[in-house]
Amino acid sequence: MDVASARGIISSHPPYYSKPICSSQSSLIRIPINKGCLFGRVFSLSATSLHAPQRGETRRSVGVQCSIRCDPFKVHDKKNSRRLLSVRSDLSGAAATPESTTYPEPEIKLSSRLRGICFCLVAGVSAILLIVLMIIGHPFVLLFDRYRRKFHHFVAKLWASISIYPFYKTDIQGLENLPSSDTPCVYVSNHQSFLDIYTLLSLGQSYKFISKTGIFVIPVIGWAMSMMGVVPLKRMDPRSQVDCLKRCMELVKKGASVFFFPEGTRSKDGRLGAFKKGAFTVAAKTGVPVVPITLMGTGKIMPTGSEGILNHGNVRVIIHKPIYGSKADVLCDEARNKIAESMNLLS
């Protein structure tokens, strides 16, 4: 079949498709063919854009790849001879997102992969050894320190410090702004990397993180999280979100502190996202201060989606002065502004 015949087939049959060929995603047009049989031939033709040209704009042609697939050994009649001509648009990905064009993925070096493997080995071995201390001390923690669980957080600090010490240095500013471990607070921070947890645990504060329920089933790590009193959360479950906030309020009223990442997830490009108000609602209703913390550098060392690698670099932690207030909106805006200002100064 030549190009002219192919055009005749396409034009003589109504195209059955559900999405326009010029969408930002790959489009697939399913067109019936009633005559002829080709032996898997693939050809190219020129198709014009389906959109009418705007003023001052010329109509342009785009390449479309067409493939006809059929069984050469099967006889077809008019009723049962409907086969599919798949036309896949070369416009797939034309409307790329800003993240994909502005922030290309960096080339992963062999040294980064080796450092990532070593980091996982150090963190894994130290976790297995230190969880024995948690298990031994857990009954006493439940009896004498059920809500703060300082002993478990001390063990977690040892684990985090051992894990990160050989691989990157942490520069901490504003340690004087940290409240005492007996003062309940709501801590908030930007979220850039999986390493944020290690860095924050190394500060030695007793606060309860909010974590996805799926992580609790991981051996050793999940057990330690349960003994530390980490609050579980199902992200897409509204009821779980309400229960999580109630649990946090109960902990704060009992004298414990909680830690939130108000962005809800790790940033893919290092930029500060919008803050959710759950953490600030807890602070406003319980009357405890909000302590903003800025993390810089963890996203470059272990980028989101590349947890198996570990690049070279250092991490900076800035602990801001506590914020007091009774309105969640005001607390949210003030905390985000402080973190954003420090990020702009460090970038």
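For the structure itself, look to the data block above.
A brief look at the structure comes next.

How each quantity is defined
- Residues numbered from 1 in each chain as written.
- Predicted model: local features only at pLDDT ≥ 70, side-chain atom pairs only at ≥ 80, totals over all residues.
- Heavy atoms only, no water.
- Helix = DSSP H or I, 4+ residues; strand = E, 2+ residues; numbered from the N terminus.
- Polar contact = N/O pair within 3.5 Å; in protein donor to acceptor, adjacent residues only side chain to side chain.
- Contact = heavy atoms within 4.5 Å.
- Axes fitted to C-alpha atoms, helices over the stretch in contact; angles between N-to-C directions.
- Left-handed = near helix turned anticlockwise from the far one by under 90°.
- Core = buried A, V, L, I, M, F, W, Y, C linked by side-chain atoms within 4.5 Å.
- Buried < 20%, exposed > 50% of the residue type's maximum accessible area, 1.4 Å probe, protein only.
- Salt bridge = Lys/Arg side-chain N within 4 Å of Asp/Glu carboxyl O.
- Patch = residues over 30% accessible without salt bridge, like charges linked within 9 Å, V, L, I, M, F, W, Y side chains within 5 Å.
- Areas by Shrake-Rupley, 256 points an atom, 1.4 Å probe, with all protein chains shown as cover.

With that settled, the discussion passes to the side chain of Ser342. Mapping Ser342 onto the fold places it in helix α10 (residues 328-346). Polar side-chain contacts of Ser342 include one of 2.7 Å to the side chain of Thr294. Ignoring anything within four residues of it in the chain, the contact list for Ser342 reads Thr294, Ile318 and His320.

Okay, the packing of helix α3 (residues 110-144) against helix α6 (residues 221-228) next. Any two packed helices are characterised by the angle at which their axes cross and by the distance between the axes. As a packed pair, α3 and α6 sit with axes 10 Å apart at the nearest point and diverge in direction by 35°. Considering only the axes of α3 and α6, their crossing is left-handed. Residues Ala127, Ile131, Met134, Ile135 and His138 of α3 form the contact with α6, whose own contacting residues are Ile221, Trp223, Ala224, Met227 and Met228.

Time to look at the nonpolar core. If you look at the biggest cluster of nonpolar residues, it comprises 41 residues, and the most contacted ones within it are Leu200 and Ile293. Among the elements of the structure, α3, α4 (150-164), α5 (195-201), β7 (207-212), α6, β10 (290-296) and β11 (315-319) are those that each provide at least two residues to this core. The dominant element in this core, judged by the number of residues it contributes, is α3, at six residues. The residues contacting Leu200, other than those within four sequence positions of it, are Tyr207, Phe209, Phe259, Phe261, Ile293 and Leu295. Counting residues in hydrophobic clusters, the runner-up holds 30 residues, among them Phe260, Ala279, Ala328 and Met343.

Let us look at the pattern of salt bridges. With the rule as written, the count across this model stands at six salt bridges. Between Arg316 and Asp171 there is a salt bridge, with the nearest N and O atoms lying 3.7 Å from each other. Within this pair, whereas Arg316 is found in strand β11, its partner Asp171 is found in strand β5 (residues 170-173), the two being separated by 145 residues in sequence. For Arg316, a relative accessible area of 32% puts it in the partly exposed group. Relative accessible area serves as the criterion here: at 38%, Asp171 is assigned to the partly exposed category.

What follows is about a nonpolar patch on the surface. A cluster of nonpolar side chains, Leu110, Leu114, Ile117 and Leu121, forms an exposed patch at the surface whose accessible area comes to about 420 Å². Mapped onto the fold, Leu110 is located in helix α3. In this structure Leu110 comes out as exposed when scored by relative accessible area, which is 61%.

The topology assignment puts His191 in the loop between β6 (186-189) and α5. The class of His191 is buried, set by a relative accessible area of 10%. Engagement of the side chain of His191 in a polar contact is seen with the side chain of Asp196, the distance being 2.7 Å. Excluding anything up to four places from it in sequence, His191 contacts Asp196, Phe261, Glu263, Thr265, Arg266 and Ser267.

Nothing here speaks to function; it is all geometry.
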